[in-house]
There are 4 protein chains.
Amino acid sequence: MRLPVPLSGVVPPLCTPLDAAGEVDTRSLARLVEHVLAAGASAVFTLGTSGEAAFLSDAQRHTALAAVVEAVQGRVPVLAGAIDMTTARVLDRARAAAALGADAVVATAPFYAATHPAETADHFRRLCKGAGVPVIGYDIPSAVHSKLGAATVLALAEDGTLAGLKDSSGDLGALRRLLVALRRRGLDRFAVLTGSELAVDAALLAGAHGVVPGLGNVDPAGYVRLYEHTRAGRWTEAAAEQDRLAALFDLVDAGDPGEMSGASSALGGFKAALHALGVIACPATAAPMRPLPDSAVREVRRVLAESGLA
Amino acid sequence: MRLPVPLSGVVPPLCTPLDAAGEVDTRSLARLVEHVLAAGASAVFTLGTSGEAAFLSDAQRHTALAAVVEAVQGRVPVLAGAIDMTTARVLDRARAAAALGADAVVATAPFYAATHPAETADHFRRLCKGAGVPVIGYDIPSAVHSKLGAATVLALAEDGTLAGLKDSSGDLGALRRLLVALRRRGLDRFAVLTGSELAVDAALLAGAHGVVPGLGNVDPAGYVRLYEHTRAGRWTEAAAEQDRLAALFDLVDAGDPGEMSGASSALGGFKAALHALGVIACPATAAPMRPLPDSAVREVRRVLAESGLA
Amino acid sequence: MRLPVPLSGVVPPLCTPLDAAGEVDTRSLARLVEHVLAAGASAVFTLGTSGEAAFLSDAQRHTALAAVVEAVQGRVPVLAGAIDMTTARVLDRARAAAALGADAVVATAPFYAATHPAETADHFRRLCKGAGVPVIGYDIPSAVHSKLGAATVLALAEDGTLAGLKDSSGDLGALRRLLVALRRRGLDRFAVLTGSELAVDAALLAGAHGVVPGLGNVDPAGYVRLYEHTRAGRWTEAAAEQDRLAALFDLVDAGDPGEMSGASSALGGFKAALHALGVIACPATAAPMRPLPDSAVREVRRVLAESGLA
Amino acid sequence: MRLPVPLSGVVPPLCTPLDAAGEVDTRSLARLVEHVLAAGASAVFTLGTSGEAAFLSDAQRHTALAAVVEAVQGRVPVLAGAIDMTTARVLDRARAAAALGADAVVATAPFYAATHPAETADHFRRLCKGAGVPVIGYDIPSAVHSKLGAATVLALAEDGTLAGLKDSSGDLGALRRLLVALRRRGLDRFAVLTGSELAVDAALLAGAHGVVPGLGNVDPAGYVRLYEHTRAGRWTEAAAEQDRLAALFDLVDAGDPGEMSGASSALGGFKAALHALGVIACPATAAPMRPLPDSAVREVRRVLAESGLA
């Protein structure tokens, strides 16, 4: 289906449920799709950072994307991450995603090798030309170790290379300046989506169009309520909902940082919560992430209960 | 005077005007104090990063602080930066500031040497014991290369070591979680001030008490309007004012990054604007910062005019 | 063929020649293999950072590796990079490389997602179990943004998970401590190879077994002379040769950092030199790297001539 | 006394012994001076990173420098760190050091505020003009978060601004290129001193003139032996001595990184060793560093004994 112009609303970056053997559990994935669509998600984003894209083989990525496309049944647009190091590799991923039915692909700046802004712009222009579907830029410095500069994004918005931006930089000041600059140039068709879980009210107040929160796997209804409050100008209610979700976000810290990476704790926390809520059958994350110990799973359940979710 | 509990409102981090010889221009500094007090500042913060504290000798710092105390005449609290590398040195600065009449001191985590969180907490506890005035923590990872963790700040708020926090980390998500945690603990007396110029509406929506914006030297009235809008629940108007201020913030980019540091461009931009507005007599910044070339000064004036300030 | 225990000598990380259309030029690659074998290389390493592995599609990687295996004809071991983000993906690359005839694979710690040392160790243990050929660890913090700690490497050397280490960290102090610790444990079978171009005499003096220098594509004979000097205890002559190679290394700086990334300049410089020397037919690098402008190519030729190579 | 041109040999960066109250123990400092001079140190460097300069008040710095000048009695040159954030502040420290009898001052690039290379060069030129004694550049990115680029150092060597460089960057490749470039320009009067403890043989093989090793407080005789071996061309013996010193360096890791900063562990380790050797009266480090627990002190003693020192 065609991507709305601009894309807006709550777009959960879907977790990829795995079974105990580490393979994609497509049934749980279909349930997760229903979980977020029933809550009012306006689109879904699969194979992003929350979807463990970096950890899945190409075959597993294809399985997951095909399952999402089938589960969604055209009810909302399906965005697919095309996470790879540089242009030729991302193009292979993007074309595969388009062939499987993705309505748009989401791609980062090159990583592994450091890249000059002119090279990053060229990278996105080649993706746009070759992908066959709209391309959304993914600004995630914590993973790719460079920030998409405002000048680059504005140029790629202006010439139509990018249909939008998923901003996971955490830099709300830079996002504010970008939004002001986009409006000054009349670039209303360019979708700005925040990847934050914690500053969604703020980003929407600044003019962002939507939100792609990893925590939206666990509590999509909360993010939809938050979004609706902001559309109706109920900023105090929006902030209160955001506060509740900020407390719920504590579940990403259940893992001990002396024992596992932040990714293991956060993605493990999301999955433990989805498992506790009965959405997915198994809370496993992909190797080499560490599983959450029982004490951490209990902490996740405590946080869920405290936020009124279980 | 006693610090309000909690400190709130607009607290400009005063620039330190210099003359052509590089010495502190106390007359211009007094005019700058009037400029921000007339606009409704609730306190002033001298010898912070915007005040070029890192560039001033101890003698110059004393001159500047004494001039501010004299100009303020007790109308609002005077906060003074005690910017130095580690505990013993910061204590010397803090005691000198208290002796000169500062109502509170603002101090960072140790820098130059990397520090463990337990050491950072000990640092602040020693400052609290020895400074003689309230201590406000200054979270500025871009300068000190560590972030004040939420657990550390909460502990120092709970035991009364810190009277508040100036958050210049730019990490609104972390700020949100801190604010939620402070409220849960009933720590209403602890002041949270954002150092952002660009996400002030957002920080206040999240529950921050005030704002310490470098750009508030140039347009204190704009920040006071923004603050007042938020206190009255006029979030749309607040966001519009913030958008205008975000456009005005373009003046920090007038310098060419190939020719000078970001500090030279930003602090030079603030001072060129204050000079253009007739507040200060000379736009010089301290060595070894580069002066803005004429073309950049014209750009600053263009941005000012576009924002309706000159 | 079986990997020598420990692997030693000069192991050039082969560039991957491309034609004007961006496809792998297998004839030029075969000539490059002869260029380094004629000079006395003890093994070759294909699909590493110098081989633009991050920029090549899987199909291009396969073409390049197959061409190298065919050109080498079993005369020396062929090492192949298995550069990908995490365990499942690296395993796919490693198995493909083994199937194509690689004698060992070279793999980094996970990247894109930050990883805990325990996860990194588990990653390598899974690779060792599944790859079918020996695994060499690749410590390259500039690309993967974490450093392989000494404790991790020692554990993986001790239990036989890794056959060796390619150290491209640039941290000779850490390498020294690792070498001392390996010898104390009697781990003589574990090969330590420096990826440095500039401190090869130093690393060999410290006890490293070999060297994997990108610049060894251009001047393999120089690195073989340097290596032989060190084996014969001629340290002054080794240092003089290293000095000459350090001057030759200036060719990586021919590109303007305002116009292109360091990768474009360095890899473009290697390829421009190989083109000037008649080894490869076309100096193109992979998208989105920028080509060197004519002035930079002239600078590369000047540096070559000054070092007595052209 | 006049600084030798170029300065060479072993220049220990003296620890600053403190008593239990945290004040400078000038008697122990005098004993430390004898300890290193008896071993053959060619100069001493006080108030550097190993001297806890960042932790000492100005009064304590003055006490320490005066004590060193008095203890040295003109037998070797005394270098003094002038560690502060920017030009005006460093100049105050440098002039005070010169007045107290320092024969040269050692200064870093500006820190706290990020600085452009042109600003860094201007900084050193102002120091050179105003300090009254020769200035040695101190390249320590781990503390100041920028690296002195080769172009900057070459320019400052060529115009006589800097008398030398203390390179604590750990980047031996960059040091090699700098040394080659200095020799090409005939800049033989410019002293290059490595701050490494672990790659001293390597740096001297590359042409460095001397070494400023923190571990040289503990085992100055070892570093003098190492230096003498290299001067006599006994590279194998030099490497063996370096290996022994690398094992001794394990004492910096006695502290638990979960409990204290690296600075606490390393400086605490040096002082625990000096205390065990009877050189200083008390192993205390400055606040807010953590003291080593007894178990760590025992580990320091074990490492000392294993290296034949106690």
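Residues numbered from 1 in each chain as written. Chains lettered and ligands numbered in written order. Predicted model: local features only at pLDDT ≥ 70, side-chain atom pairs only at ≥ 80, totals over all residues. Heavy atoms only, no water.

The name that an unreviewed UniProt entry assigns to chain A is 4-hydroxy-tetrahydrodipicolinate synthase, with the source organism given as Streptomyces olivoverticillatus. Database annotation for chain A, UniProt heading Sequence similarities (unreviewed entry): "Belongs to the DapA family." (UniProt positions renumbered as here; feature names shortened; annotations may be inferred.)

Colleague: Describe the interface of chain A and chain C, and please don't skip the residues or the numbers.
Modeller: Taken residue by residue, the interface counts 48 residues in chain A and 48 residues in chain C. Both faces combined, the contact of chain A with chain C buries some 3400 Å², and carbon together with sulfur accounts for 58% of it. The three residues of chain A that bury the most area against chain C are Arg89(A), Tyr112(A) and Glu119(A), which together make up 24% of that side's buried surface. A salt bridge links Arg290(A) to Asp122(C); the shortest N-O distance between them is 3.1 Å. Taken together, the links from chain A to chain C amount to 19 residue pairs in polar contact (both at pLDDT 80 or more). Of all the secondary structure elements, the ones that give two or more residues to the side of chain A that touches chain C are α2 (58–72), α3 (87–99), α4 (117–131), α5 (141–144) and α11 (262–276) of chain A. For the side of chain A that touches chain C, a count of residues per class yields 23 nonpolar, 14 polar and 11 charged. (Contact = heavy atoms within 4.5 Å. Buried area = accessible area lost by both parts, 1.4 Å probe. Salt bridge = Lys/Arg side-chain N within 4 Å of Asp/Glu carboxyl O. Polar contact = N/O pair within 3.5 Å; in protein donor to acceptor, adjacent residues only side chain to side chain. Helix = DSSP H or I, 4+ residues; strand = E, 2+ residues; numbered from the N terminus. Nonpolar A, V, L, I, M, F, W, Y, C, P; charged D, E, K, R; others polar.)

Colleague: Which residues make up the side chain of Ser264(B), and what values do they have?
Modeller: Among the structural elements, Ser264(B) can be located in helix α11 (residues 262–276). Within the structure, the side chain of Ser264(B) is placed 3.1 Å from the backbone nitrogen of Arg290(B), a separation counted as a polar contact. Apart from the residues within four sequence positions on either side, Ser264(B) is in contact with Gly269(B), Met289(B), Arg290(B), Leu292(B) and Glu119(D).

Colleague: Got a sec to walk through the UniProt feature "active site" (unreviewed entry) in chain A? Specific residues and values, please.
Modeller: In this structure's numbering, the residues bearing the UniProt feature "active site" (unreviewed entry) are Tyr138(A) and Lys166(A). Separation in sequence by 29 residues is not matched in space for these annotated residues, since their most distant C-alpha atoms are only 4.8 Å apart. With respect to the secondary-structure elements, Tyr138(A) resides in strand β5 (residues 135–139). Given the relative accessible area of 2%, Tyr138(A) is considered buried. With residues up to four places along the chain from it excluded, the contact list for Tyr138(A) reads Phe45(A), Thr49(A), Ile83(A), Val106(A), Ala107(A), Thr108(A), Ala109(A), Leu148(A), Lys166(A), Ser168(A) and Tyr112(C). In this structure the side chain of Tyr138(A) is engaged in a polar contact, spanning 2.6 Å, whose partner is the side chain of Thr49(A). Here Lys166(A) is to be found in strand β6 (residues 164–167). Once residues lying within four places of it in the same chain are set aside, the contact partners of Lys166(A) are Phe45(A), Ile136(A), Gly137(A), Tyr138(A), Asp139(A), Leu193(A), Gly195(A) and Val212(A). (Buried < 20%, exposed > 50% of the residue type's maximum accessible area, 1.4 Å probe, protein only.)

Colleague: Tell me about the relation of the copies chain A and chain C, and please be specific about residues and values.
Modeller: At an RMSD of 0.0 Å, chain A and chain C line up after a rotation of 180° and a shift of 0.0 Å along the axis. In short, the pair behaves as if placed about a two-fold rotation axis. The share of interface residues of chain A whose copies in chain C are also at the interface is 100%, consistent with both copies meeting through the same surface. (Least-squares fit on C-alpha atoms with pLDDT ≥ 70 in both.)

Colleague: Quick rundown of helix α3 (residues 87–99) of chain B? Include the residues and the values.
Modeller: All names here are of chain B. Taking 1.5 Å of rise per residue, 13 residues should cover 18 Å, and α3 covers 18 Å from first to last C-alpha, within 8% of that figure. Among all positions of α3, only Thr87, Arg89, Val90, Leu91, Arg93, Ala94 and Ala97 are buried. Phi turns positive one or two residues past the end of α3, at Gly101, with a value near 110°. (Expected span 1.5 Å × (residues − 1).)

Colleague: Please set out the packing of aromatic side chains residue by residue, giving values where relevant.
Modeller: For any two aromatic rings, the description comes down to two numbers: the centre-to-centre distance and the angle of the planes. Under the counting rule described, the total for this entry stands at 10 aromatic pairs over all chains. Measuring from ring centre to ring centre gives 5.2 Å for Phe111(A) and Tyr112(C), while their planes differ by 50°; the resulting arrangement is tilted. With Phe111(A) in the loop between β4 (104–108) and α4 and Tyr112(C) in the loop between β4 (104–108) and α4 (117–131), the pair connects residues from two separate chains. For Phe111(A), a relative accessible area of 2% puts it in the buried group. Ring centres 5.9 Å apart and planes at 75° place the aromatic pair Phe45(D) and Tyr138(D) in the edge-to-face group. With Phe45(D) in strand β2 (residues 44–46) and Tyr138(D) in strand β5 (residues 135–139), this residue pair connects regions lying 93 residues apart in the sequence. Taken individually, Phe45(D) and Tyr138(D) each receive the classification buried, so the pair is uniform in this respect. Taken together, Phe111(A), Tyr112(A), Phe111(C) and Tyr112(C) form an aromatic cluster joined through their ring pairs. (Phe/Tyr/Trp six-rings, centres within 6.5 Å; stacked < 30°, edge-to-face > 60°.)

Colleague: How would you summarise the pattern of salt bridges if you had to cite specific residues and measurements?
Modeller: Inspection of every chain in the model, using the stated rule, returns 96 salt bridges over all chains. For Arg177(C), the salt bridge identified is with Asp253(D), shortest N-O distance 2.8 Å. Residue Arg177(C) is located in helix α7 (residues 172–184), and its partner Asp253(D) is located in the loop between α10 (235–248) and α11 (262–276); the two belong to separate chains. Three or more residues joined by partner-sharing salt bridges are found here, namely Asp58(A), Asp84(A), Arg89(A), Arg93(A), Asp58(C), Asp84(C), Arg89(C) and Arg93(C).

Colleague: Give a detailed account of the interface of chain A and chain B, specifying residues and quantitative values.
Modeller: With 25 residues of chain A in contact, the opposing surface of chain B contributes 25 residues. Carbon and sulfur atoms supply 51% of the area that chain A and chain B bury against each other, a total of about 2200 Å² over both sides. When the area that chain A buries against chain B is broken down by residue, the three leading residues are Arg176(A), Arg177(A) and Leu205(A), summing to 31%. Remark: the boundary between chain A and chain B carries 12 salt bridges. The salt bridge involving Arg184(B) is made with Glu306(A); its shortest N-O contact spans 2.7 Å. Inspection of the chain A/chain B interface yields 14 residue pairs in polar contact (both at pLDDT 80 or more). Broken down by class, the residue content of the side of chain A that touches chain B amounts to 12 nonpolar, 4 polar and 9 charged.

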